[in-house]
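# A closer look at the structure
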Amino acid sequence: MKKLIISLFVFFGFTISILAQENKEIPAITDPVTKAGWTNDANYAIKTAQDEKRPIIMDFTGSDWCGWCKKIDREIFDTPEFKKWVKENNIILLELDFPKGVKQSDQLRAQNYYLAQEYKIQGYPTIFIVKDGKGIQMGYQKGGPEAWIKAVEAQLDI
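Attention in this report is confined to the structure presented alongside it. This is a predicted model, so every value here is computed, not measured.

### Looking at the overall build of the protein chain
- Each helix and strand counted, the protein chain has six helices and four strands in total.
- Tracing the protein chain from N to C terminus, the helices and strands come up as α-α-β-α-α-β-α-β-β-α.
- Counting all 158 residues of the protein chain, 46% fall into the buried class.
- Residue pairs at least 24 apart in sequence account for 72% of intrachain contacts in the protein chain once pairs closer than 6 positions are excluded.
- Approximately 8700 Å² of the protein chain is accessible, and the part contributed by carbon and sulfur atoms is 54%.

### Considering the sheet that holds strand β2 (residues 92-97)
- Pairing is mixed across the open sheet formed by four strands, whose spatial order is β2-β1-β3-β4. Each edge of the sheet is formed by a strand with only one pairing partner; in this case those strands are β2 and β4 (134-138). Here the strands of the sheet are splayed against their neighbours by 15 degrees on average, with no regard to which way each runs.
- Here strand β1 (residues 56-61) pairs with β2 via six bridges, running parallel. Each residue of the ladder has a partner; that of Met58, found in β2, is Leu94.

### Observations concerning the side chain of Thr61
- Residue position: Thr61 is located in strand β1.
- Among all residues touching Thr61, those that are not within four sequence positions of it are Lys35, Cys69, Glu95, Leu96, Asp97, Phe98 and Tyr124.

What counts, and where the lines are drawn
Residues numbered from 1 in each chain as written. Predicted model: local features only at pLDDT ≥ 70, side-chain atom pairs only at ≥ 80, totals over all residues. Heavy atoms only, no water. Helix = DSSP H or I, 4+ residues; strand = E, 2+ residues; numbered from the N terminus. Buried < 20%, exposed > 50% of the residue type's maximum accessible area, 1.4 Å probe, protein only. Contact = heavy atoms within 4.5 Å. Areas by Shrake-Rupley, 256 points an atom, 1.4 Å probe, with all protein chains shown as cover. Pairing = 2+ DSSP bridges. Axes fitted to C-alpha atoms, helices over the stretch in contact; angles between N-to-C directions.

Next up, the structure:
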């Protein structure tokens, strides 16, 4: 897992440095995000996490078809407790969506598929939380936001 996280940061760092040398920028992703407060632009999220030493939550989801994804959104991510915890801990939220009925730009689709391959995503929802080069994988957990947050905090120093 640590190897994947490091390779992801190296890949995006390498891509950014190559484009910077050519005076080009990676275009920002402008597709709408299904969840308020989340971004779907991995370059922005990862660069911000690196530059500002902030934790990042990456949610690999099937927003319009995955029952467990909808359940984790409803029971955890959409709750005031989760949103308060995210704000207090300055966490970056990255949505990596694989919808069936929502059109995505080629750039967003390519980014999401690349990251799904890098992280060897087998099913949805799969959530990675990364902080200070350490990462954990999560999914749905019973008990609402309090139990989910407690499980994350027990594994990472957040």
